[in-house]
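Summary of structural features
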Amino acid sequence: MCPVFPTILSNAAITANLCSSSAANLSTTSQTIQEWKHFYELGVFSYCLMTNHVHLVVQANDNPTAIPQLMRRLAGRQTRCVNSLEKRSGSLKEGRYKI
């Protein structure tokens, strides 16, 4: 059984400039959250896009891998975006997301 209360999540980045720092990239990150919340059937109550991390308030469902998969997809898309813009490669994240 899933927890009744929403979960607060945050992911931190190594770089100070994630995709969410420009208007176009803010929209891309927002679209990513919307797309994958429906795919994984999660309730996303709110989110806050910062220049180097994202905060989410998420309600889990009966799939125990749904939240980790959402965070993985979000981190992957942000990493590809920044690496493309900055002509670099490698990870942006300091590690897994925090609950």
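As a reminder, the structure under discussion sits directly above these lines.
Residues numbered from 1 in each chain as written. Predicted model: local features only at pLDDT ≥ 70, side-chain atom pairs only at ≥ 80, totals over all residues. Heavy atoms only, no water.

Time to look at the packing of aromatic side chains. The final tally for this structure, using the stated rule, is three aromatic pairs. With a centroid separation of 5.0 Å and an interplanar angle of 80°, the aromatic rings of Trp36 and Phe39 are classed as edge-to-face. Residue Trp36 and its partner Phe39 are located together in helix H1 (residues 23-39), separated by three residues, close to a single helical turn. For Trp36, a relative accessible area of 11% corresponds to the buried category. Where Phe39 meets Tyr40, the ring centres are 4.9 Å apart and the plane angle is 90°; that geometry is what we call edge-to-face. Relative accessible area serves as the criterion here: at 55%, Phe39 is assigned to the exposed category. On the basis of relative accessibility, which here comes to 10%, the residue Tyr40 falls in the buried class. (Phe/Tyr/Trp six-rings, centres within 6.5 Å; stacked < 30°, edge-to-face > 60°. Helix = DSSP H or I, 4+ residues; strand = E, 2+ residues; numbered from the N terminus. Buried < 20%, exposed > 50% of the residue type's maximum accessible area, 1.4 Å probe, protein only.)

Right, let's get into unusual backbone geometry. The phi torsion at Glu41 lies on the positive side, around 55°, for a residue other than glycine. Position of Glu41 among the secondary structure elements: in the loop between H1 and strand E2 (43-49). Residue class for Glu41 comes out exposed when judged on its relative accessible area of 64%.

Before going further, it helps to examine the pairing of strand E3 (residues 53-59). Counting buried positions along E3 gives five out of seven residues, so the element sits mostly inside the fold. The pairing of E2 with E3 spans six bridges and is antiparallel. Across the sheet, Ser46 pairs through a bridge with Val57, a residue of E3. The antiparallel hairpin formed by E2 and E3 contains three residues in its connecting segment. (Pairing = 2+ DSSP bridges.)

For side chains bearing opposite charge, pairing can occur when the charged atoms are close. For the coordinates displayed, the defined rule picks out one salt bridge. The partner of Arg77 in a salt bridge is Glu35, with the nearest N and O atoms 3.1 Å apart. Of this pair, Arg77 sits in helix H2 (residues 66-86) while Glu35 is found in helix H1, placing the two residues 42 residues apart along the sequence. Among the residues examined, Glu35 registers a relative accessible area of 38% and is labelled partly exposed. (Salt bridge = Lys/Arg side-chain N within 4 Å of Asp/Glu carboxyl O.)

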